[in-house]
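Examination of the molecular architecture
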Amino acid sequence: MKEKPSLLIIGNSNVGKTSITRLLMANPRKFKGKSGKKPGSTLLIKPISQSSMLYQIIDLPGFGYMKHPSHRRQEHIKKQIVLHIEKHHKDYFFGLVVINILRIEDELQKYFIQNKKTIPLSFELINFLKEFKIPLLIVINKIDKVSNIDKDRIISLFLNSAEKFGLNIVRIEKNNPEKLNDIPLVEFSALKKMNLGKLKETISKFLKNKN
Ligand SMILES: Nc1nc2c(ncn2[C@@H]2O[C@H](COP(=O)(O)OP(=O)(O)OP(=O)(O)O)[C@@H](O)[C@H]2O)c(=O)[nH]1
Ligand SMILES: [Mg+2]
């Protein structure tokens, strides 16, 4: 049997990757993957699919953040992910870069605003995936945890900072005509299933383009 095209789900620990994976399953009840109370719930790189699905999902282990980080384990996970992408990038028709809205300001403060010599991990990750030509969607998750005002402020900060790193990220809600190099962004809540329809629609669009 020919393997299905793969959807990549990548991001820091505890941002909601497995929760999003579950929402994309044809039959979520039969999905055994763990969504975690503790960061670091997903440790194996294993494709997930169900028979009626047109693609398989690779829900990667999270990196970069754990409550009790073991440095060696972190480095091991990071290396595993890099090797995986280097080896399998051709299998991916699309990638979701999942980011927790509650962590954006801290990351940008620390690695951009206060220190111009570093690059925030989110942007580093996006650049890394772009090098392998995997089309991307930035999923800003856990939107339910912030007010509308905070949400707009944080996302604007994110977009403006990204621009300074040469990344042109555009909110898909705004329906901007997509330029070739634009990276779309969607506001999301796995908890409230907010924009789930839009997410599925976007994935289908890229799946069709691939065939
Ligand atoms: N409020 C809120 N909580 C969420 C949302 N998405 C996920 N969570 C919660 O965040 C925690 C982590 O979710 P996971 O889906 O396990 O995150 P993950 O990215 O797969 O984590 P790792 O496998 O550790 O990398 C769980 O307690 C989820 O219930 C969301 O949109 N809103
Ligand atoms: Mg997980």
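What you are looking at is a predicted structure, and each value in this text was computed from that prediction instead of being measured. (Residues numbered from 1 in each chain as written. Chains lettered and ligands numbered in written order. Predicted model: local features only at pLDDT ≥ 70, side-chain atom pairs only at ≥ 80, totals over all residues. Heavy atoms only, no water.)

1. What about the overall build of the protein?
The line we're drawing: By the criteria applied, helices consist of DSSP H or I runs no shorter than four residues and strands consist of E runs no shorter than two, each listed in order from the N terminus. We call a residue buried when its accessible area falls under 20% of the maximum for its residue type, exposed when it is over 50%, and partly exposed in between, using a 1.4 Å probe and counting protein chains only. Residue-level accessible areas treat just the shown protein chains as cover; the underlying method is Shrake-Rupley with a 1.4 Å probe.
Check the secondary structure of the protein and you find six helices and seven strands. Classification of the 211 residues of the protein by burial places 47% in the buried group. A total accessible area of about 12200 Å² is found for the protein, and carbon and sulfur atoms account for 53% of it.

2. Points about the packing of aromatic side chains
Defined as follows: By convention, a stacked pair of Phe, Tyr or Trp rings (six-membered ring in the case of Trp) has centres within 6.5 Å and planes under 30 degrees apart, an edge-to-face pair has planes over 60 apart, and any other such pair is tilted.
Enumeration according to the criterion identifies six aromatic pairs in this entry. Measuring from centroid to centroid gives 5.2 Å for Phe123 and Phe165, while their planes differ by 45°, and the two rings are tilted. Of this pair, Phe123 sits in helix H4 (residues 121–131) while Phe165 sits in the loop between helix H5 (148–164) and strand E6 (169–171), and the two are 42 residues apart along the sequence. Judged by centre distance (5.1 Å) and plane angle (75°), the ring pair of Phe128 and Phe132 falls under edge-to-face. Phe132 matches Phe128 in its accessibility class, with the two residues each being buried. Within the aromatic cluster, the residues linked to one another by ring pairs are Phe112, Phe123, Phe158 and Phe165.

3. Regarding the pattern of salt bridges
How we decide: Each reported salt bridge corresponds to a side-chain nitrogen of Lys or Arg within 4 Å of a carboxyl oxygen of Asp or Glu.
Applying the stated rule across the entire model yields five salt bridges. Between Arg153 and Glu105 there is a salt bridge, and its shortest N-O distance comes to 2.8 Å. Taken as a pair, Arg153 in helix H5 and Glu105 in helix H3 (residues 101–113) lie far apart in primary sequence, 48 residues in all. Its relative accessible area of 42% is what places Arg153 among the partly exposed residues. Judged by its relative accessible area of 28%, Glu105 falls in the partly exposed class. In this structure, Lys151 engages Glu187 in a salt bridge whose closest nitrogen and oxygen atoms are separated by 3.0 Å. Note that Lys151 is positioned in helix H5 and Glu187 in strand E7 (residues 183–187), a separation of 36 residues in sequence. The network of salt bridges with shared partners includes Lys151, Asp152, Arg171 and Glu187.

4. Observations regarding the sheet that holds E7
Hydrogen bonding along the main chain pairs the strands of a sheet, whether they run parallel or antiparallel. We apply this condition: Two strands qualify as a pair provided that DSSP identifies no fewer than 2 bridges between them.
In space, the seven strands of this open sheet follow the order E2-E3-E1-E4-E5-E7-E6, with mixed pairing throughout. In this open sheet, the two edge strands, each paired with only one partner strand, are strand E2 (47–48) and E6. Alignment of strand E4 (residues 92–100) against strand E5 (residues 136–141), held across six bridges, turns out to be parallel. Bridging from a neighbouring strand, Leu96 pairs with Leu137 of E5.

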